[in-house]
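The residues making up each chain are set out below.
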Amino acid sequence: MKAIVIKSYGGPEVLEETDVPAPTLDPASKTDAESVIVDILAAGVNPVDYKVGRGDLASLLSLKFPSILGIDYAGTVAAVGSNVVGFSVGDAVYGKLAGINGHGTYAAQTKVHTKTDVILHRPASLSVEQAAGVGVVALTAYVGLVTYAGLSLTVADNAAKHVLVIGASGGVGTWAVKIAKLLGAKVTAVASGKNKSFVLDNLKADAFIDYTVAPLAEQLKTKDEFDVIYDAIGGDEGKNWDLAQLILNPHGLFVSPAAHLPEDTPVSLGAVAGFVGTMAWRAITNSRRYRYISSLPVDQFENIGKWLKDGKIVPYTSVVLPLSDVKKAHELSKAGRTVGKIVLTL
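Being a predicted model, the structure only gives us computed values, none of them experimental.

(A) The overall build of the protein, seen in detail. In terms of helices and strands, the protein carries 11 helices and 16 strands. The C-alpha radius of gyration of the protein comes to 20 Å, within 12% of the 20 Å expected for a compact globule of 346 residues. Its C-alpha atoms put the protein at 60 × 40 × 40 Å along the principal axes. For the protein, the proportion of its 346 residues judged to be buried stands at 51%. Taking the contacts inside the protein whose residues are at least 6 apart along the sequence as the reference set, 70% of them involve residues at least 24 apart.

(B) Structural context of the sheet that holds strand β14 (residues 289-292). On the basis of which strands lie adjacent, the open sheet formed by 6 strands has the order β11-β10-β9-β12-β13-β14 and parallel pairing. Of all strands in the sheet, those with a lone pairing partner are β11 (207-210) and β14, marking the two edges. Geometrically, the sheet is characterised by an average inter-axis angle of 15° between neighbouring strands, direction not taken into account. In this structure, strand β13 (residues 248-256) lies alongside β14, joined through 4 bridges in parallel fashion. Across the sheet, residue V255 finds its bridge partner in β14, namely R291. Those strands touched by helix α4 (residues 135-147) are β9 (162-166), β12 (226-231) and β13, and its axis lies near 150° from that of β12.

(C) Quick look at the confidence of the model for the protein. For the protein, the average pLDDT comes to 91, and 90% of its residues sit at 70 or higher. Low pLDDT, under 50, characterises residues 267-274; the stretch is placed with 11 contacts to residues that sit more than four places away or in other chains.

(D) Here's a closer look at the pairing of β13. Across 4 bridges, β12 lies against β13 in parallel orientation. Counted as the bridge partner of Y230 is V255 from β13.

(E) Structural detail: helix α10 (residues 302-309). Turning to α10, its buried residues are I304, G305, W307 and L308. In an axial view of α10, the angular spread of the buried residues amounts to 160°, which keeps them on one side of the axis. The exposed residues of α10 that point more than 90 degrees off its buried face are E302 and K309. In this fold, the buried residues of α10 make contact with β6 (92-96), β8 (118-121), α4 and α5 (171-182).

(F) How the structure looks around the pattern of salt bridges. Summed over all chains, the structure comprises 7 salt bridges. Here R54 and D56 are joined by a salt bridge, their closest N and O atoms 2.8 Å apart. In terms of burial, R54 and D56 fall into one category: buried.

(G) Representation of the packing of α4 against α5 within the structure. Put simply, α4 and α5 touch, their axes get as near as 8 Å, and they point 50° apart. Classified by the angle their axes make, α4 and α5 are oblique. Our pair here, α4 against α5, has a crossing hand that is right-handed. Mapping the contact onto sequence places V137, A138, T140, A141, Y142, L145 and V146 in α4 and G171, V172, W175, A176, I179 and A180 in α5. Per-class residue counts for the contact of α4 with α5 are 11 nonpolar, 2 polar and no charged.

(H) Region of interest: the sheet that holds strand β1 (residues 2-6). Strand order in this open sheet of 3 strands is β2-β1-β4, and the pairing throughout is antiparallel. Looking at strand neighbours, the two that pair on one side only are β2 (15-19) and β4 (67-68), the edges of this open sheet. Bridge count between β1 and β4: 2 bridges; the pairing is antiparallel. Residue pairing in the sheet places I6 in a bridge with S67 of β4.

Thresholds applied
- Residues numbered from 1 in each chain as written.
- Predicted model: local features only at pLDDT ≥ 70, side-chain atom pairs only at ≥ 80, totals over all residues.
- Heavy atoms only, no water.
- Helix = DSSP H or I, 4+ residues; strand = E, 2+ residues; numbered from the N terminus.
- Rg over C-alpha atoms; globule rule 2.2 N^0.38 Å.
- Buried < 20%, exposed > 50% of the residue type's maximum accessible area, 1.4 Å probe, protein only.
- Contact = heavy atoms within 4.5 Å.
- Pairing = 2+ DSSP bridges.
- Axes fitted to C-alpha atoms, helices over the stretch in contact; angles between N-to-C directions.
- pLDDT = per-residue confidence, 0-100.
- Arc of directions from axis to C-beta.
- Salt bridge = Lys/Arg side-chain N within 4 Å of Asp/Glu carboxyl O.
- Parallel < 35°, antiparallel > 145°, perpendicular 65-115°, else oblique.
- Left-handed = near helix turned anticlockwise from the far one by under 90°.
- Nonpolar A, V, L, I, M, F, W, Y, C, P; charged D, E, K, R; others polar.

Here it is, written out as structure tokens:
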């Protein structure tokens, strides 16, 4: 089958389109009995893809080369294991793999475990391109806002809640705004001024702050104004955490999904240990809660799937490229200036 592989760590230049053996279901394997093969029609692109590809996580994640990157997918079930329940050949599906294993979604087919990965039936109202961009970003936003108890699933409980979303026009940020609004909270969104119309008119944020005009500390000065600060950018986390000491409710939640290291710094065991120490120190010395999203439990995806099925949230995909343009997709992802999601189609 056709796939995009890496045979060594590096930038976009190491991404190579080639033919590789297609995945199969071994009838003697208990894991395969609960798995399906999916013909991929589209694959979402996430920052973790290029970071893994260039070796940033090499000390924590062992890849065997050649490896196929990609986590998110949308496609059609091509084969089912003997113990699979609820899915049949020909079903339109979407979701995300539980993690990075070198057998990702930048390929014509992938194997999906029906219990440990995310797989849902794709509603007819959801295009392949929209569905392929949902998995990682939607779950990251949900875990930060709901699982970590910044917001309640009971809308009435959030009537007085005020959420600040930093990086509101990006993949995770757009979902953070949408989920917070759906759950009844007031949302102030931070993004570049060029994306103001998108954030206010499409995402329906209540207020907008252009971070290019002046530092956030000069624009946000109201004490204890926010109940949740969702920092979807993360690279400037130190300043934003310091700012939170003024503008975040003393018992509020500061949450971020991004590793707070300089962009081109590989993640080492020492760096992780230091970061864990920082988190622990904040938890001990401050009533304001700090949470770092280090995992995305697949069992948390259920409500996202319901919202999509019911049309309560409509995903936004702004860049759709053929799989052969994967190098361009990674360049755009690394630049971090894309509104919404980048998706590759097969």
